[in-house]
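The residues making up each chain are set out below.
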Amino acid sequence: MSSDVRRVDPMADERAIPESDVDLRVELAGVHLDNPITTASGCFAAGQEIDRFFDVTELGAIVVKSITPEPREGLPTPRMAETPSGMLNAIGLQNPGIDAWLERDLPWLQSRQAKVVASIAGRTVDDYREVAHRLRRQGGIVALEVNLSCPNVEERGLVFACSAADSAQVIAAVASEADVPILAKLTSDVTDVVEVAEAVVEAGAHGLTLINTVLGMAIDPETGRPELWNTYGGLSGPAIRPIAVRNVHQVHAALPAVPILGCGGIRDVGDVVQFLRAGASAVSVGTSTFVDPFVGQQLVSDLRRWLTRRGIASVRELIGSVG
Ligand SMILES: Cc1cc2nc3c(=O)[nH]c(=O)nc-3n(C[C@H](O)[C@H](O)[C@H](O)COP(=O)(O)O)c2cc1C
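Positions within a chain are numbered from 1, following the residues in the order the chain's sequence is written. Residue-level local features of this predicted model are given only where pLDDT is at least 70; pairs of side-chain atoms are given and counted only at 80 or more, and the full residue set underlies all totals for whole chains, interfaces and linings. Hydrogens and waters are ignored; side-chain quantities use all the structure's heavy atoms.

**Some remarks on the pattern of salt bridges**
A pairing counts as a salt bridge when a side-chain nitrogen of Lys or Arg comes within 4 Å of a carboxyl oxygen of Asp or Glu. By the definition in use, this model includes 11 salt bridges. As a salt-bridge pair, R316 and D23 come within 3.3 Å of each other at their nearest N and O atoms. Taken together, the residues R316 in the segment after α10 (295-310) and D23 in the loop between α1 (3-6) and β1 (26-28) connect sequence positions 293 residues apart. What you see here is one network of salt bridges that share partners, running through D23, R25 and R316. Every helix listed is a DSSP run of H or I at least four residues long, and every strand listed is a run of E at least two residues long, numbered separately from the N terminus.

Structure (structure tokens):
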């Protein structure tokens, strides 16, 4: 059952306004989006796959799969495991590398006039710098999202996002190259997410994406073996939504001027509204896309209807409006 049905306001229809009066436009770190629904990195590839189902430009923006300097095959299988209300994945950043992405994927997105948020990843600070450099002056890219949930080979494989100092170093390197706004994508696998948020903003991030997957593990009780080849993997889907909403709320309370792209377990319009009320200016939808490829398109129309029924003229009124 959708949460729109579950939590319906009995007075809603009395306040209804015409759908055409509802404004879904938002601004995220200086980027104008026609609506606040975007794809989550890694769950949509570069858009072509989903374009078979609906026109991808109906979404506010497309956050593409993280791009690294070199092509990556990813990790051996099994790379995914189902969990209650979610899934674990350890894909290992499989992607064609920056050369192939610029040659093949970006031109397609440009031809569709999509707003592209290019997600970048790396093993070293220089990897991130290099990808940011290659993405300069490429039409259609409206922002860079920096995936900090990657092992830092120069720091014993510690994930960049787990260290405020390492995260800041990456963002400073990207900021020295970028010609579009930078969103730093953080993890909730830290004691104090606000500390990391402050460090990356100080280093040059214009906004934050909250959150990436949460580190988890599943063991096959019969064989005694981990279900993923990599042993550990990232938990996503509705199971992590309350963690994600909490992160958005905490960071927005501490840094109210910093725009946030909320992400984690979004499935229906009630979830979108939760993230906006917690302080997100826009949201990314990931795992739900695997269950229903139309979910992004559906959320745009459901959000318009949700606002219409409640007489709310602009979606921006919801941002940070938690009671
Ligand atoms: C299969 C899969 C691949 C992902 N790949 C990436 C990636 O390349 N870069 C990234 O920043 N996040 C990646 N993520 C994380 C998502 O973008 C998102 O932050 C996370 O899944 C939480 O949102 P969700 O619950 O809506 O999926 C991936 C998630 C999944 C499930």
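Picking up where we left off.
**A few points about a nonpolar patch on the surface**
Candidates for patches are residues over 30% relative accessible area with no salt bridge; among them, like charges are joined within 9 Å and nonpolar side chains (Val, Leu, Ile, Met, Phe, Trp, Tyr) within 5 Å. For accessible areas, the Shrake-Rupley method is used with a probe of radius 1.4 Å. Any residue's cover is judged against the shown protein chains and nothing else. A cluster of nonpolar side chains, L215, M217, I219 and Y232, forms an exposed patch at the surface whose accessible area comes to about 420 Å². Positionally, M217 belongs in strand β13 (residues 214-217). Accessibility here uses a 1.4 Å probe with only protein chains present; expressed as a share of the type maximum, an area under 20% marks a residue as buried, one over 50% as exposed, and anything in between as partly exposed. Among the residues examined, M217 registers a relative accessible area of 41% and is labelled partly exposed.

**Description of the sheet that holds strand β3 (residues 37-39)**
Strand order in the open sheet made by the eight strands is β3-β16-β15-β12-β11-β8-β7-β4, with parallel pairing throughout. Two strands in the sheet have a free side with no partner beyond their single neighbour: β3 and β4 (62-63). Here, any two strands with at least 2 DSSP bridges between them count as paired. Alignment of β4 against strand β7 (residues 116-120), held across two bridges, turns out to be parallel. Residue pairing across strands places I62 opposite V116, the latter belonging to β7.

**With respect to the nonpolar core**
In this structure, W101, L135, L148 and L186 are the most contacted members of the largest nonpolar core, which totals 96 residues. By the convention used here, residues are in contact when the closest approach between their heavy atoms is within 4.5 Å. Not counting chain neighbours up to four residues away, the residues in contact with L135 comprise I98, W101, L102, A118, I120, I141, L144 and D179. The criterion is simple. A nonpolar core is a set of buried Ala, Val, Leu, Ile, Met, Phe, Trp, Tyr and Cys residues joined through side-chain atoms within 4.5 Å. The next biggest cluster of nonpolar side chains, apart from the first, holds five residues, and it includes A81, L88, A90 and L228.

**Regarding helix α7 (residues 241-254)**
End to end, α7 covers 20 Å across 14 residues, agreeing with the expected 20 Å (1.5 Å per residue, within 8%). Within α7, burial applies to R241, A244, V245, N247, V248, V251 and H252. Viewed end-on, α7 has its buried residues packed into an arc of 160 degrees, placing them on one side of the element. Facing away from the buried side of α7 by over 90 degrees, the exposed positions are P242 and A253. On the buried face of α7, the contacting elements are α6 (193-203), β12 (207-210), β15 (260-263) and α8 (269-278). To estimate the expected span of a helix, subtract one from its residue number and multiply by 1.5 Å. The reported arc concerns the directions from the helix axis to the C-beta atoms and nothing else.

**Some remarks on the pairing of strand β16 (residues 282-285)**
The two faces of the sheet receive side chains in turn, since in a regular strand these alternate between them. Taking every second residue as pointing to the same face, both faces of β16 are buried, with A282 and S284 on one and V283 and V285 on the other. Both β3 and β16 contribute to a ladder of three bridges, which runs parallel. By the bridge assignment for β16, T38 is matched with S284. In this sheet, β16 lies alongside β15 in parallel orientation, the contact comprising three bridges. Looking across to β16, one finds that G262 is bridged to V283.

**Describing the site of the ligand**
What makes a residue near a molecule or strand is one non-hydrogen atom of that residue sitting within 4 Å of it. Taken together, 23 residues sit near the ligand, with S41, S66, G237, G265 and T287 positioned nearest. Backbone polar atom of I211 to an oxygen atom of the ligand: 3.1 Å apart, as the coordinates give it. With the chains in place, 97% of the 600 Å² that the ligand exposes on its own is no longer accessible. Any residue outside Ala, Val, Leu, Ile, Met, Phe, Trp, Tyr, Cys, Pro, Asp, Glu, Lys and Arg is labelled polar, Gly included; the first ten of those are nonpolar and the last four are charged. Here the shell around the ligand is composed, by residue class, of eight nonpolar, 13 polar and two charged. Two N or O atoms count as a polar contact when they lie within 3.5 Å, although within protein this holds only if one can serve as hydrogen donor and the other as acceptor, and sequence-adjacent residues are included solely when both atoms are side-chain atoms.

**Notes on helix α4 (residues 125-134)**
For α4, the full list of buried residues reads V125, D127, Y128, V131 and A132. The arc that holds every buried residue of α4, seen down its axis, measures 165 degrees, which confines them to one face. Packed against the buried residues of α4 are α3 (97-111), β7, β8 (141-147) and α5 (164-175).

**Let's talk about the side chain of T68**
One can find T68 in the loop between β4 and β5 (80-83). For T68, a relative accessible area of 0% corresponds to the buried category. Side-chain polar atoms of T68 contact the backbone oxygen of E70, separated by 2.7 Å. Filtering out sequence-adjacent residues up to four positions away, T68 remains in contact with L93, N95, G97, I98, A121, G122 and V131.

**Here's the deal with the packing of aromatic side chains**
Geometrically, a pair of aromatic rings is defined through the distance of the ring centres and the angle of the planes. Put simply, two rings from Phe, Tyr or Trp (the six-membered ring, in Trp's case) pair if the centres are within 6.5 Å, and we call them stacked under 30 degrees between planes, edge-to-face over 60, tilted for the rest. A full pass over the atoms with the stated rule returns two aromatic pairs. With a centroid separation of 5.5 Å and 80 degrees between ring planes, the pair formed by F53 and F294 is classed as edge-to-face. In this pair, F53 is assigned in the loop between α2 (48-51) and β4 and F294 in the loop between α9 (288-291) and α10, connecting sequence segments 241 residues apart. With a relative accessible area of 36%, F53 lands in the partly exposed category. Measuring from ring centre to ring centre gives 5.4 Å for Y128 and F160, while their planes differ by 85 degrees; the resulting arrangement is edge-to-face.

Treat this as a map of the structure, not an account of what it does.
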